[in-house]
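Observations on chain architecture
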Amino acid sequence: MSLLKVSDLSLGYDGRSIIKGVSFSVNEGDYLCIVGENGSGKTTLIKGLLGLMGKYRGTIEYASELSQNHIGYLSQHPRYSRDFPASVREIVMSGFLGSRRFGFGYSKAQRQEAALIMENVGVGELSQKNFGELSGGQQQRVLLARALCATRKLILLDEPTSALDPLATADFYSLIKRLNHQGVTVIMVSHDINAAVRNASHILCLDSDKSFFGTTHEFIHSPLGKKLIVSDCPCDVCSKDETVEVSEDA
Ligand code: ADP
């Protein structure tokens, strides 16, 4: 069974549908990018997947081992004051709060796991620092480490690089790809379609006419993909010198 299966999903606000009849599934090890124009409903869909949207039509099914409490979530980068009153380590450890039994502190195993995760995402040396003093890219890595404490199975990222400079963005994308190669399943909203097709295994492109879901290769060769993408297909199936036809109005 898939980790997540969404069938004929429609959801929106105040009786107005934003997402209409969307279906897709995510298997273990997939890297799904959700793309689409501003206002197409990417964040609304993420809220729906997190169970924050109340009523909806269609179905959202999670594998039995994965409840909504066990999904690691990273939002767009909020601004934190330099005096934000928590250390990096405290922020990361708070990812365990969903699984902590009331009245008990963190276990030794959790402290060790958090240390390993911080090393893995490159913030091990920052663990005693004040979170508010870090750069935007470092803060996103810390918040990613917190998300990974909630689960190592599935992480949901909503435009995590929207406030980062190009170098920090490229670093963050390669970190996500490495985590995916280590077995973490990824669902990421992105406004950067070219980065999405370079990194993701699957694409969900939200569109008011007809949304697309399929492998990255299928997307690149679909009419919607041809309209939106301005780079060559990076997948193994295509020869490297094949040029993707781009329509004149792209
Ligand atoms: P995207 O992430 O693709 O830019 P959103 O999911 O943020 O799109 O928004 C999709 C549409 O839903 C937009 O028209 C937006 O104005 C509307 N919307 C978002 N949040 C709310 C809300 N809380 N109440 C009513 N409408 C909303």
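Up top is the structure these notes are about.
Calculation rules
- Residues numbered from 1 in each chain as written.
- Predicted model: local features only at pLDDT ≥ 70, side-chain atom pairs only at ≥ 80, totals over all residues.
- Heavy atoms only, no water.
- Axes fitted to C-alpha atoms, helices over the stretch in contact; angles between N-to-C directions.
- Helix = DSSP H or I, 4+ residues; strand = E, 2+ residues; numbered from the N terminus.
- Parallel < 35°, antiparallel > 145°, perpendicular 65-115°, else oblique.
- Left-handed = near helix turned anticlockwise from the far one by under 90°.
- Contact = heavy atoms within 4.5 Å.
- Nonpolar A, V, L, I, M, F, W, Y, C, P; charged D, E, K, R; others polar.
- Expected span 1.5 Å × (residues − 1).
- Buried < 20%, exposed > 50% of the residue type's maximum accessible area, 1.4 Å probe, protein only.
- Arc of directions from axis to C-beta.
- Polar contact = N/O pair within 3.5 Å; in protein donor to acceptor, adjacent residues only side chain to side chain.
- Near = heavy atom within 4 Å.
- Areas by Shrake-Rupley, 256 points an atom, 1.4 Å probe, with all protein chains shown as cover.
- Pairing = 2+ DSSP bridges.

Remarks on the packing of helix α4 (residues 136-150) against helix α5 (residues 166-181)
Where α4 meets α5, the closest approach of the two axes is 10 Å, and the angle between their N-to-C directions is 20°. By the criterion of interaxial angle, the relationship of α4 to α5 is roughly parallel. Every pair of crossing elements has a handedness; the one defined by α4 and α5 is right-handed. Counting all contacts with α4, which are made through G137, Q140, R141, L144 and L148, the residues of α5 involved are A168, D171, F172, L175, I176 and L179. In terms of residue class, the contact of α4 with α5 is made up of 7 nonpolar, 2 polar and 2 charged.

Thoughts on α5
Taking 1.5 Å of rise per residue, the 16 residues of α5 would be expected to cover 22 Å, and the 23 Å separating its terminal C-alpha atoms lies within 8% of that figure. What α5 keeps buried is the set A168, T169, F172, Y173, L175, I176, L179 and N180. Buried positions in α5, seen along its axis, are confined to an arc of 160° and lie on one side of it. Those residues of α5 that are exposed and angled more than 90 degrees off the buried face are P166, L167 and H181. Its side-chain oxygen at 3.1 Å from the backbone nitrogen of L167, D165 defines the N-terminal cap of α5. Looking one or two places after α5, you find G183, whose phi comes out positive at around 110°.

Brief notes about the site of the ligand
Lining the immediate surroundings of the ligand are Y13, R16, I18, E37, N38, G39, S40, G41, K42, T43 and T44. Note that an oxygen atom of the ligand is positioned 3.2 Å from one of the backbone N or O atoms of S40. G41 is positioned with one of its backbone polar atoms (N or O) 3.0 Å from an oxygen atom of the ligand. Alone, the ligand offers 570 Å² of accessible surface; in the complex the protein occludes 61% of this. Mapped onto the shell around the ligand, the elements with two or more residues apiece are β2 (16-26) and α1 (42-49). In terms of residue count, the dominant contributor to the shell around the ligand is α1 (3 residues). Here the shell around the ligand is built from residues that sort into 2 nonpolar, 6 polar and 3 charged.

Topic: the sheet that holds strand β6 (residues 154-158)
Strands sit in the order β5-β6-β7-β3-β8-β9 across an open sheet of 6 strands; the sheet is mixed. Across the chains shown, the open sheet's two edge strands, defined by having one partner strand only, are β5 (72-74) and β9 (212-215). Between one strand and the next, the sheet's axes are offset by a mean angle of 15°, whatever the strand orientation. Across the face of the sheet, α1 comes into contact with β3 (31-36), β5, β6, β7 (185-189) and β8 (202-206) while running at roughly 140° to β3.

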